[in-house]
2 protein chains.
Amino acid sequence: MFSKACEYGIRAALFIAQESLNGQRVSLKAITAEIDSPDAFTAKILQLLARNEIIVSTKGPNGGFEIDKKKIDNIMLSEIVDAVDGDSIYKGCGLGLKECNADKPCPLHNRFVLVRNDLKKMLEGTSLFELATGLETGLTFLKR
Amino acid sequence: MFSKACEYGIRAALFIAQESLNGQRVSLKAITAEIDSPDAFTAKILQLLARNEIIVSTKGPNGGFEIDKKKIDNIMLSEIVDAVDGDSIYKGCGLGLKECNADKPCPLHNRFVLVRNDLKKMLEGTSLFELATGLETGLTFLKR
DNA sequence: TTAAATTCGGATAGATTTGTCTTAAATAGA
DNA sequence: TCTATTTAAGACAAATCTATCCGAATTTAA
């Protein structure tokens, strides 16, 4: 469904959000240890999120990554997916046709848009904050 | 969502189904011309579908591919997806965790399974026959 | 029996995604 | 200022997915 990069991106963002809510900035090492992801590859994805102003990166000793506390309940999963995977999930025909729309649909079009719109709504309606609280209370996990 | 291979596989199967309903066996060339896909790669995918007994292949002059007429309304999209892409769409965590279930869920688990179950139901509830009729009546398309 | 048509199967090649390495840049603190 | 720490950025490498090529096998028909 999502690319590996996107999976790491969401998991990293959630951990950063959780720590940011506690006033803690986190290092790359802390992130990859927590979400169990490859260091250098994860770093690339964090750069992407930083360039898209979803997270803030700070160099130097005690540097690392954080998210503006006030923004955390305003950052939707869709923004992260968009930054990492682009809009390919939302757009495009289920059967790979270039032109496929209600006027000239592929055989799967009508059924496919229903499912995909649900996915879209889910991503657009879910904030980092909502998901981070589950982590904080120990109800959900980012590893294994 | 689906791999390229799976997209070609579904499109090919739909065309074969449509022609089989008209009593016509179709060649690889006819298929790739109709669905606008790369010949050799499509051949590989058709081999997969044949090995999974979704389609029947015949060698030699006037050979080609067909689907047992009686089976066409009994073959669900899920079978094709399964043959080509495996069960990765149905199983597996949205965030890529190896262990993720209701007992030890990732933060996205509950929302994700809702969407994915809809996809699963859609694929399991849609037969080649249903989709082929749209093609036959000119309401839907397999190209562009 | 021979030739032509067609799929099968393995090897190979190209493209994309995933992942690593190395050096540079920035920053904090001694 | 110097050093240690940390992220940034680009080059490179490995793995996977997509696609091609070619000879073998099968079948039909002349």
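Above this text you will find the structure in question.
Numbers given to residues run from 1 along each chain, matching the order in which its sequence is written. To read the labels, note that chains go from A and ligands from 1, taken in the order they are written. In view of the model being predicted, local features appear only for residues whose pLDDT reaches at least 70, and side-chain atom pairs are presented and counted only at 80 or more, with totals across whole chains, interfaces and linings using the full set of residues. To get the side-chain values, take all heavy atoms of the structure and skip hydrogens and water.

**Student:** When you look at the interface of chain A and chain B in this model, what are you seeing that I'm missing?
**Tutor:** Where the parts come together, the accessible area they lose is often given as the size of the interface. Any two residues whose heavy atoms approach within 4.5 Å at even a single point are treated as in contact. At the junction of the two partners, chain A supplies 36 residues and chain B supplies 36 residues. Accessible area, probed at 1.4 Å, shrinks when two parts are joined; the buried area is that loss added up over both. For the pair chain A and chain B, the two sides together bury roughly 3,400 Å², of which 70% comes from carbon and sulfur. In what follows, salt bridge is the name for a side-chain nitrogen of Lys or Arg lying within 4 Å of a carboxyl oxygen of Asp or Glu. One can count two salt bridges joining chain A with chain B. Arg111 of chain B is the salt-bridge partner of Glu130 of chain A, the closest N and O atoms lying 3.1 Å from each other. Any N or O atom pair separated by 3.5 Å or less is treated as a polar contact, with the protein-specific requirement of one donor-capable and one acceptor-capable atom, and with residues adjacent in sequence counted only for side-chain atom pairs. Linking chain A with chain B are 10 residue pairs in polar contact (both at pLDDT 80 or more). In this description a helix means any DSSP run of H or I spanning at least four residues, a strand means any run of E spanning at least two, and both kinds are numbered starting from the N terminus. For the side of chain A that touches chain B, the secondary structure elements donating two or more residues are α1 (4-21), α5 (109-124) and α6 (128-136) of chain A. No other element matches the six residues that α5 of chain A contributes to the side of chain A that touches chain B. Side-chain classes are defined by residue name, with Ala, Val, Leu, Ile, Met, Phe, Trp, Tyr, Cys and Pro counting as nonpolar, Asp, Glu, Lys and Arg as charged, and the others, Gly among them, as polar. For the side of chain A that touches chain B, the per-class residue count stands at 21 nonpolar, four polar and 11 charged.

**Student:** Help me understand the protein's contact with DNA strand C in this model?
**Tutor:** Near, as used in this document, describes a residue that has one of its heavy atoms within 4 Å of the molecule or strand being considered. Close to DNA strand C lie 25 residues, the nearest being Tyr8 and Pro61 of chain A together with Leu28, Lys44 and Ser57 of chain B. The sugar-phosphate share of atoms of DNA strand C within 4 Å of the protein amounts to 62%. Residue Leu28 of chain B places a main-chain N or O atom 2.7 Å away from a phosphate oxygen belonging to DNA strand C. Every element with two or more residues in the surface near DNA strand C is listed here: α1 and α3 (39-51) of chain A together with α3 (39-51), β1 (56-58) and β2 (64-66) of chain B.

**Student:** Would you mind showing me how to read helix α5 (residues 109-124) of chain B here?
**Tutor:** Quick reminder: α-helices carry 3.6 residues per turn. Residues three or four places apart thus point the same way. Take the number of residues in a helix, subtract one, and multiply by 1.5 Å to get its expected span. Compared with the 22 Å implied by 1.5 Å per residue over 16 residues, the 21 Å span of α5 of chain B between its first and last C-alpha is a close match. Whether a residue is buried, partly exposed or exposed follows from its accessible area with a 1.4 Å probe, protein chains only, as a fraction of its type maximum: under 20%, in between, or over 50%, in that order. Listing the buried residues of α5 of chain B in full gives His109, Phe112, Val115, Arg116, Leu119, Met122 and Leu123 of chain B. In a view along the axis of α5 of chain B, the buried residues occupy a sector of 155 degrees, so they form one face of it. Facing away from the buried side of α5 of chain B by over 90 degrees, the exposed positions are Asn110, Leu114 and Lys121 of chain B. Buried residues along α5 of chain B sit in contact with α5 of chain A together with α4 (77-85) of chain B. The arc in question is formed by the directions pointing from the helix axis toward the C-beta atoms.

**Student:** Teacher, can you tell me more about the nonpolar core here?
**Tutor:** If you look at soluble globular proteins, the nonpolar side chains tend to sit buried side by side. The definition of a nonpolar core used throughout is a set of buried Ala, Val, Leu, Ile, Met, Phe, Trp, Tyr and Cys residues joined through side-chain atoms within 4.5 Å. If you look at the biggest cluster of nonpolar residues, it comprises 47 residues, and the most contacted ones within it are Phe2, Ile10, Ile31, Leu49, Ile55 and Leu128 of chain A together with Leu108 of chain B. Contributions of two or more residues to this core are made by α1, α2 (28-35), α3, α4 (77-85), α5 and α6 of chain A together with α5 of chain B. Per-element tally for this core: the top contributor is α1 of chain A, with 10 residues. Residue contacts for Leu128 of chain A: discarding those within four places in its chain leaves Ala13, Leu14, Ala17, Ile67, Ile72, Ile75, Leu77 and Ile80 of chain A. Core analysis: the second largest hydrophobic core is formed by 46 residues, Ala5, Phe65, Ile67 and Val81 of chain B among them.

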